[in-house]
Amino acid sequence: MMLFPRCLSLLVTAFFASNVRGSSKQVPLRDYTCQHPPYTIHLFSKAPLVIYISNFLTPSECSHLQEITKGTFVHSAVSDESGQEGLRQTRTSQSTSVARDPIVRCIESRALLFQGFDTPRSHLEPLQLVQYGNDERYHLHTDWFTAADRRTPDVGGNRLTSLFVYVAASNLTGGGTNFPILDQPHDERWCEFLDCDEPWDNGATFRPVPGNAVFWQNLLEDGAGDPATIHAGLPVTSGYKLGMNIWTRQGPLDEKFRGADGED
């Protein structure tokens, strides 16, 4: 991941491997048929590509994700520019990987279809839920890596795209997703999804609306990380937020990181 010296202690997104082992098995679920909701997309930015998605998850899917991950959250780790991973004050949330039952696989399929027909399931990292309570946050960071050992062929190279989904928000104030380099749009219709009370020079802050999602492309055409995708999970000032990371790699992940897949 790229660090930005002008920002306070900019560290990077936690590498998934330490949370994945033993948690990526597939779980049977009877009498379930995968059906995708009629979500709506809103093009926010072309460079970098940022798309806001309304109703990406159904209420029942949000409830299911909360139910199957109860009691599994641990403090979120962060890796620095050298690749060293640990617990740091730049990221104070808790996170967990999600076991792939049929509902989770349906969500994976939806994320893949959103990106076209050419991205196989093997390019997806295990889905990660992340929860934020009062005063918890994630300082400015990028999802793509600069450390060589975080973008090797066995982990699929670098993170090509990110899809952050808001799963739950209870009595929430604060907790938006801020992109400081992106410009706020002028059209007031965006205020349904953005915090339009933020000062203009703070960039764009997406509000945590359960079921909705923000998608962005992390890498430039030459494969380099796009610095304009730097973002932060702003502090939760009251209440509770639950989000989900869906990260797609440039190539396939080794089975030891992603776990075994059934039908693709």
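Preceding block: the structure.
The numbering scheme is per chain: residues are counted from 1 as the chain's sequence reads. Only residues with pLDDT of at least 70 are given local features in this predicted model, and only at 80 or more are side-chain atom pairs given and counted; all residues enter the totals for whole chains, interfaces and linings. Based on all heavy atoms of the structure, the side-chain values leave hydrogens and waters out of the count.

Peer 1: Would you mind showing me how to read the sheet that holds strand 10 (residues 177-179) here?
Peer 2: Whether parallel or antiparallel, the strands of a sheet pair through hydrogen bonds between backbone atoms. Two strands form a pair only when DSSP identifies at least two bridges running between them. Here a helix means four or more residues in a row that DSSP labels H or I, a strand means two or more in a row labelled E, and each is numbered from the N terminus. Ordered by their spatial adjacency, four strands build an open sheet running 8-13-10-11, and the pairing between neighbours is antiparallel. At either margin of the open sheet sits one strand with a lone partner, and together these are strand 8 (138-141) and strand 11 (204-206). For this sheet the average axis-to-axis angle between neighbouring strands, irrespective of direction, equals 15 degrees. Between N-to-C directions, angles span 0 to 180 degrees; the directions come from axes that are lines fitted to C-alpha atoms, helices contributing only their stretch in contact.

Peer 1: So what exactly am I meant to see when it comes to the sheet that holds strand 9 (residues 159-174) here?
Peer 2: Sheet architecture is open: eight strands sit in the order 1-2-12-9-14-7-6-3, paired in antiparallel fashion. In the strand order of this sheet, the two ends are held by strand 1 (40-46) and strand 3 (74-75), each with one partner. Two residues form a contact once any of their heavy atoms are found within 4.5 Å. Contacting strand 7 (128-132), strand 9 and strand 14 (236-249), helix 2 (residues 59-68) runs over the sheet at an angle of about 90 degrees to strand 9. Sheet contacts for helix 3 (residues 102-114): strand 1, strand 2 (49-54), strand 9, strand 12 (213-217) and strand 14; angle to strand 14, the most-contacted strand, approximately 65 degrees.

Peer 1: Which parts of the structure should I look at to understand unusual backbone geometry?
Peer 2: One can expect most non-glycine residues to show negative phi and most peptide bonds to be in trans. Across the junction of A47 and P48, the peptide omega takes the value 0 degrees, indicating a cis bond. Here P48 lies in the loop between strand 1 and strand 2. Phi at N55 is positive, roughly 60 degrees, even though this residue is not glycine. Relative to the assigned elements, N55 resides in the loop between strand 2 and helix 2. By relative accessible area, N55 is classed as partly exposed at 43%. Buried means the residue's accessible area, taken with a 1.4 Å probe over protein chains only, is under 20% of the maximum for its type, while exposed means over 50%, and partly exposed covers the values in between.

Peer 1: Is there a simple way to think about the environment of N212 in this case?
Peer 2: Looking at where N212 falls in the secondary structure, it is placed in the loop between strand 11 and strand 12. C-alpha separation for the pair N212 and F164, spaced 48 residues apart in sequence, amounts to 8.7 Å. Contact partners of N212, with chain neighbours within four places excluded, come to Y52, I53, S54, N55, F164, V165, Y166 and F193. A polar side-chain atom of N212 sits 3.1 Å from a polar atom in the side chain of Y52. Under the rule applied, a polar contact is a pair of N or O atoms within 3.5 Å (in protein, one hydrogen donor and one hydrogen acceptor; residues adjacent in sequence only if both atoms are side-chain atoms).

Peer 1: Would you mind showing me how to read the nonpolar core here?
Peer 2: One recurring pattern in soluble globular proteins is that nonpolar side chains are buried together. Buried Ala, Val, Leu, Ile, Met, Phe, Trp, Tyr and Cys residues form a nonpolar core when they are joined through side-chain atoms within 4.5 Å. Among the nonpolar cores identified, the biggest contains 26 residues, and F56, L57, L65, I107, L163, M244 and I246 are the most heavily contacted of them. Where this core is concerned, the elements lending two or more residues are strand 2, helix 2, helix 3, strand 9, strand 12 and strand 14. Considering each element in turn, this core owes the most residues, six residues, to helix 3. The contacts of L57, once residues within four sequence positions are left out, are C62, L65, I107, R110, V165, V167, G211 and M244. Counting residues in hydrophobic clusters, the runner-up holds 18 residues, among them L182, W190, L194 and A204.

Peer 1: Whenever I open this one, the state of the cysteines confuses me. Can you help?
Peer 2: As used in these notes, a disulfide is a covalent bond between sulfur atoms, one from each of two cysteines. Working definition: a disulfide is two cysteine sulfur atoms within 2.5 Å of each other. Throughout the structure, instances matching the rule amount to two disulfides. Residue C191 pairs covalently with C196 via a disulfide, S to S 2.1 Å. When the S-S torsion is -110 degrees, as for the bridge of C191 with C196, the disulfide is left-handed. Taken N- to C-terminal, the disulfide-bonded cysteines of the chain are connected 1-2, 3-4.

Peer 1: In this structure, what is going on with the pattern of salt bridges? I would like to understand it.
Peer 2: Any two side chains of opposite charge can pair if their charged atoms end up close together. Salt bridge, as used here: a side-chain nitrogen of Lys or Arg that lies within 4 Å of a carboxyl oxygen of Asp or Glu. Tallied over the entire structure, the rule returns nine salt bridges. With a closest N to O distance of 2.8 Å, E125 and R159 form a salt bridge. Linking E125 in the loop between helix 3 and strand 7 with R159 in strand 9, this pair joins segments that are 34 residues apart in sequence. Across the salt bridge formed by R249 and E125, the nearest N and O atoms sit 2.8 Å from each other.

Peer 1: When you look at helix 3 in this model, what are you seeing that I'm missing?
Peer 2: Owing to its 3.6 residues per turn, the α-helix aligns residues three or four sequence positions apart on the same side. One fewer than the residue count of a helix, multiplied by 1.5 Å, yields its expected span. Between its first and last C-alpha, helix 3 extends 18 Å over 13 residues, near the 18 Å set by a 1.5 Å rise per residue. The buried fraction of helix 3 is high, at eleven of 13 residues. Taken together, the buried positions of helix 3 are I103, V104, R105, C106, I107, E108, S109, R110, A111, L112 and F114. You can read the cap of helix 3 off the contacts: a side-chain oxygen lies 3.1 Å from the backbone nitrogen of I103, and it is on D101.

That is the geometry; function is a separate question.
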